[in-house]
Amino acid sequence: QVQLVESGGGLVQAGGSLRLSCAASGNILTINSMGWYRQAPGKQRESVAGITGGGITNYAESVKGRFTISRDNAKNTVFLQMNSLKPEDTAVYYCNAEGLYLVGPFNSWGQGTQVTVSS
């Protein structure tokens, strides 16, 4: 199985910054895409940002210009730099990765990390 471990969440004031990290492990052959999702209380999980193996990125309109996704392919790690945070960014943030490992294709999720932005 491919496991994803997230870190970097926490409590920050509005206007502040946080950097999330997510490391994938488990006999991985290749990772095609990695991304970040979030789920606020009472809301559905939504896509925040994604990045392909070639570095092509996409962002939700609500975070464009404030969040930056990047990845370190050598370390199977994806990052989310979050600047100018707003209270509406408060949510549990989940990492996702899909690709190929020793047994076959995978599509894995991290356990989630809480981000709380106070006003």
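Residues numbered from 1 in each chain as written. Predicted model: local features only at pLDDT ≥ 70, side-chain atom pairs only at ≥ 80, totals over all residues. Heavy atoms only, no water.

S.K.: What's the story with the overall build of the protein chain in this structure? I'm lost.
M.R.: Of the regular secondary structure elements, the protein chain holds zero helices and 11 strands. Scanning the protein chain from its N terminus toward the C terminus, one meets helices and strands in the order β-β-β-β-β-β-β-β-β-β-β. The C-alpha atoms of the protein chain give a radius of gyration of 14 Å, which matches the 14 Å a tight globule of 119 residues would have. Taking the principal axes of its C-alpha atoms as reference, the protein chain extends roughly 45 × 25 × 20 Å. For the protein chain, the proportion of contacts with a sequence separation of at least 24, taken over those separated by at least 6, is 55%. Charge separation in the protein chain, taken as the distance between the mean sites of 9 positive and 7 negative side-chain charges, equals 2 Å. (Helix = DSSP H or I, 4+ residues; strand = E, 2+ residues; numbered from the N terminus. Rg over C-alpha atoms; globule rule 2.2 N^0.38 Å. Contact = heavy atoms within 4.5 Å. Lys, Arg positive; Asp, Glu negative; His and termini not counted. Charge placed at Lys NZ, Arg CZ, Asp CG, Glu CD.)

S.K.: Any chance you could explain the nonpolar core here in plain terms?
M.R.: It is characteristic of soluble globular proteins that their nonpolar side chains tend to be buried jointly. Membership of the largest hydrophobic core comes to 31 residues, with the highest contact counts inside it found for Trp36, Val48, Phe67, Val78, Leu80, Met82 and Tyr93. Looking at this core, the elements with two or more residues in it are β3 (18-25), β4 (28-39), β5 (46-52), β7 (67-72), β8 (77-82), β9 (91-101) and β11 (113-118). A per-element tally of this core places β9 first, with five residues. For Val48, the contacting residues outside a window of four places in its chain are Trp36, Tyr37, Arg38, Asn58, Tyr59, Ala60, Val63, Phe67, Leu80 and Tyr93. (Core = buried A, V, L, I, M, F, W, Y, C linked by side-chain atoms within 4.5 Å. Buried < 20%, exposed > 50% of the residue type's maximum accessible area, 1.4 Å probe, protein only.)

S.K.: Sorry, what's going on with the sheet that holds strand β1 (residues 3-7) here?
M.R.: The strands that make up a sheet are held in pairs by hydrogen bonds between backbone atoms, and each pair lies either parallel or antiparallel. The antiparallel open sheet is built from four strands, whose spatial order is β1-β3-β8-β7. The open sheet has two edge strands, β1 and β7, and neither has a second partner. Strand-to-strand twist in this sheet, taken as the mean axis angle between neighbours without regard to direction, amounts to 15°. (Pairing = 2+ DSSP bridges. Axes fitted to C-alpha atoms, helices over the stretch in contact; angles between N-to-C directions.)

S.K.: Honestly, the pattern of salt bridges in this entry has me stumped. Any pointers?
M.R.: Think of it this way: side chains of opposite charge can pair up when their charged atoms draw near. Evaluation of the coordinates by the stated rule reveals four salt bridges. Taking the shortest distance from any N to any O, the salt bridge between Arg38 and Asp89 comes out at 3.0 Å. With Arg38 in strand β4 and Asp89 in the loop between β8 and β9, the pair connects residues that are 51 residues apart, well separated along the chain. Side by side, Arg38 and Asp89 carry an identical accessibility label, which is buried. The partner of Asp89 in a salt bridge is Arg66, and the shortest N-O contact between them spans 2.7 Å. Linking Asp89 in the loop between β8 and β9 with Arg66 in the loop between β6 (57-59) and β7, this pair joins segments that are 23 residues apart in sequence. Shared partners join several salt bridges into a network, and the residues in it are Arg38, Glu46, Arg66 and Asp89. (Salt bridge = Lys/Arg side-chain N within 4 Å of Asp/Glu carboxyl O.)

S.K.: What's the story with the packing of aromatic side chains in this structure? I'm lost.
M.R.: Aromatic ring pairs are reported here in terms of the distance separating the ring centres and the angle at which the planes meet. Enumeration according to the criterion identifies two aromatic pairs in this entry. Where Tyr101 meets Phe106, the ring centres are 6.0 Å apart and the plane angle is 90°; that geometry is what we call edge-to-face. Above the face of the Tyr94 ring, Arg45 is positioned so that its terminal group lies 3.8 Å from the ring centre. (Phe/Tyr/Trp six-rings, centres within 6.5 Å; stacked < 30°, edge-to-face > 60°. Lys NZ or Arg CZ within 6 Å of the ring centre and 35° of its normal.)

S.K.: Just to check I follow, could you spell out unusual backbone geometry for this structure?
M.R.: Peptide bonds are mostly trans, and most non-glycine residues show a negative phi. Unlike most non-glycine residues, Asn27 shows phi in positive territory, near 55°. Within the secondary structure layout, Asn27 lies in the loop between β3 and β4. The phi torsion at Asn76 lies on the positive side, around 50°, for a residue other than glycine. Overall, the relative accessible area of 22% leaves Asn76 in the partly exposed class.

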